[in-house]
Every structure is written in structure tokens, then in C-alpha cells.
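Take a look at the letters that make up each chain.
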Amino acid sequence: MSQLPDQDLPPGRHRLLKEHLMTEIRREPTVAPVRRRFLRTALVAGAVAAVTAVVVPLTVPSGDPAPPAASRQAAALLEDIALAAEHADVPSDIRDDQFVYIKSKVAWTTQDGDGPAKLDPVHEREVWLSADGKKEGLLEEPYKGFRNESLEAQTPGIPSNTNYRHLQTLPTDPDKMFEWIKDVSQGGSSKDEANFVLVGDLARESLMPPAQAAALYRAAARISGVFVIDDAVDAAGRHGVAVARIDDGERLELIFDKKTKEFLGEREVAVEDLPWGFKKGDVTARTAVLERTVVDERGERP
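Residues numbered from 1 in each chain as written. Predicted model: local features only at pLDDT ≥ 70, side-chain atom pairs only at ≥ 80, totals over all residues. Heavy atoms only, no water.

What to know about the layout of surface pockets
Okay, so step 1: In this structure, the largest pocket encloses a volume near 610 Å³.
Okay, so step 2: As for the largest pocket, its lining consists of 28 residues, of which Ala-88, Leu-207, Glu-262, Phe-263 and Arg-292 are closest to the centre.
Okay, so step 3: Per-element accounting of the lining of the largest pocket gives the leading share, six residues, to strand β16 (residues 283-295).
Okay, so step 4: Grouping the amino acids of the lining of the largest pocket by side-chain chemistry returns 19 nonpolar, three polar and six charged. (1 Å grid on protein atoms, 1.4 Å probe; cavity = no way out; pocket = protein on both sides within 12 Å on 5 of 7 lines; lining within 4 Å. Points joined across faces, edges and corners; volume = space filled by probe spheres on them. Helix = DSSP H or I, 4+ residues; strand = E, 2+ residues; numbered from the N terminus. Nonpolar A, V, L, I, M, F, W, Y, C, P; charged D, E, K, R; others polar.)

Remarks on the packing of aromatic side chains
Okay, so step 1: Taken as a whole, this structure holds three aromatic pairs when the rule is applied.
Okay, so step 2: Measuring from ring centre to ring centre gives 5.1 Å for Tyr-101 and Trp-128, while their planes differ by 50°; the resulting arrangement is tilted. On the criterion of sequence distance, the pair formed by Tyr-101 in strand β6 (residues 99-107) and Trp-128 in strand β9 (residues 123-130) is long-range, its members being 27 residues apart.
Okay, so step 3: Overall, the relative accessible area of 1% leaves Tyr-101 in the buried class. (Phe/Tyr/Trp six-rings, centres within 6.5 Å; stacked < 30°, edge-to-face > 60°. Buried < 20%, exposed > 50% of the residue type's maximum accessible area, 1.4 Å probe, protein only.)

Describing the environment of Val-199
Okay, so step 1: Considering the arrangement of structural elements, one finds Val-199 in helix α5 (residues 191-204).
Okay, so step 2: Val-199 sits in the buried class, given a relative accessible area of 1%.
Okay, so step 3: In this structure Val-199 touches Ile-181, Leu-216, Tyr-217, Ala-220, Ile-223 and Leu-254, once residues within four positions along its chain are discounted. (Contact = heavy atoms within 4.5 Å.)

Considerations on the nonpolar core
Okay, so step 1: Trp-180, Ile-181, Val-199, Tyr-217, Val-243 and Leu-254 are the most contacted members of the largest nonpolar core, which totals 51 residues.
Okay, so step 2: Tallying contributions element by element places helix α6 (residues 210-220) first for this core, with seven residues.
Okay, so step 3: Not counting chain neighbours up to four residues away, the residues in contact with Ile-181 comprise Asn-195, Leu-198, Val-199, Leu-216 and Ala-219.
Okay, so step 4: Judged by nonpolar contacts, the second largest core, of six residues, contains Ile-229, Ala-244, Ile-255 and Leu-264. (Core = buried A, V, L, I, M, F, W, Y, C linked by side-chain atoms within 4.5 Å.)

Examining empty space enclosed by the protein
Okay, so step 1: Using the criterion set out here, one finds four cavities of 30 Å³ or more in the structure.
Okay, so step 2: Roughly 40 Å³ of internal volume is contained in the second largest cavity.
Okay, so step 3: Lining the second largest cavity are Val-100, Leu-129, Ser-130, Thr-162, Asn-163, Tyr-164, Ser-206 and Leu-207.
Okay, so step 4: Considered class by class, the residues forming the lining of the second largest cavity number four nonpolar, four polar and no charged.

Some details on unusual backbone geometry
Okay, so step 1: The residue Asn-148 is not glycine, and still its phi comes out positive at about 50°.
Okay, so step 2: What makes Asn-148 exposed here is its relative accessible area of 52%.
Okay, so step 3: In this structure, Lys-261 takes a positive phi of about 65° despite not being glycine.
Okay, so step 4: Following the sequence through the fold, Lys-261 ends up in the loop between β14 (250-256) and β15 (263-270).
Okay, so step 5: The exposure class of Lys-261 is buried, given its relative accessible area of 17%.

As C-alpha cells, then:
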């Protein structure tokens, strides 16, 4: 693992990355996140213009075989999830001046200096995301030291924007949605990993219009190496069924309600002993979406 110098994110790259890095990097200079993926694409633009992060090398040995295609069981489950998403209760009259409010519980891995990595306690996170992306959002995550933290408005025209109005313009055809995922996903030790992480990030901290959400999950069935876990637990302790992938010694699980197929949250689990301190079977990250709705004002709670 190596440390990258501070740098501005180039135009057109996932602006989404910045805010999530902001929430994962403590203000103390000795503490940085250990994220085995690519520091997870965040779903809103951040208030910081430069970041320092600990990352794994983004190379894949050329002789490694390609992962198997998504299992039939995973494809069938993702179709059920897509059908449920098509009928999700999303307001049809969302205004440009409104905000998407998402309340969640999260726990990320951090590392203090040269010591072993550890999983943060599960703590609360709230975000307010501008419906059209043109206004500043808001982050409240007191455990990470962020109170009343403004989030940058999104620059119009960037393909990876995730404000609701932009998401409405994305394809509803699964093949075209898969092409969009491939175009905007970045980082990871493989393109399949980057694609799957992006699906999870969109499920966790955005409001997807029903038709595009259905296309997203059908597109996810095209990602190689996806399989089903019959029982997985989110950060709120809720049991669900998960679609999952393994990369770099960790398994990322996207967890859904077994009956309604509504997205619950995520869990990452070490599938082998990891060099930064986790043992096989340890949970290395977890999230749970508790509430997702639309409000009139930044900072307003339902």
C-alpha cells in the first residue's frame, strides 16, 4: 500500500469520490482510511478539493484468469430486485429546489499511523443532496467530525453526476445502462470490481428513478463474478439476501430485504488474512440505509 500526494481531482473524474474521501479521512494527519477497493465512489461532490488516501495498487497480474460470469442464481435475484425497483414509491413531482435526504448507519475501516487497521464503531450519517445538483448539499456525520458540512454543487455535464435530475436522463435499457456503468466507474483492481462498487454506491446514497433503478440492477447481472449469499446482516442488524463479489481478499455484499427486495445496506468481509491486520471472517465495512426521502430544505429532517 502506498500513499498518494494531495491532488485536485481532474475534471470528468468521479466528483463523487471526493465527498466520500472527506468522510473517511479524519482531520488528524496520522489517520487515513484503508479501503481495499478504490476508496469507494462517493455519491455527492465533496467540500474538499484535495485528498490524501491510502490505496492498494491498481494492477492485475496479466496471467490471472477472468472471473466467472454472474451466477444464474444472482441473475435471477437481480431480476427480482429490478422488478421491485420498478414499482418503488418514488415521488413523481420532485422539484429542482428540493433535496434528497438519506439517513444511514455506517462503519468504515481506518488505520492510525503504522498500527493495524480497525473497523470504526457503527455511527449515524445524514446527507442532503440537491435534486438538480445545482445547490450545495449538507453532511452530518459527527463521529467523523463533520457537523453542518457543506457539500459542493455538482458541475453540470459530468456523466458521473448522481443528482436526481441527471439520473433521470440515464438509460432504462440494461445494455445501455451497463455501458454507462463501464464508462463512469473508476479504480479498483479490475473493471468488474469498479462496476460492482458503483452499483452499490448508487444503491446506498442516491435516489434512483424507478426505471433507471431497474436498469441498474439488470445491468449488474452482467458483471462477472457476482453470486448470492442467502443470509447477510447490515449495519442495523437486519438480515437479508445479498449479491456479492470477491476482490483483493474481501467480499462486498449488497444486501436486500428477502421479501420486498428493497436495498438495506452493504457489508465487506475478509475472505483471507489481510496484510493490514484483519483476519479471515472479519467484517471490514458495513452500512445500512434507514431512511430515504425528499425534503424541501437543506438540513430539514422528515
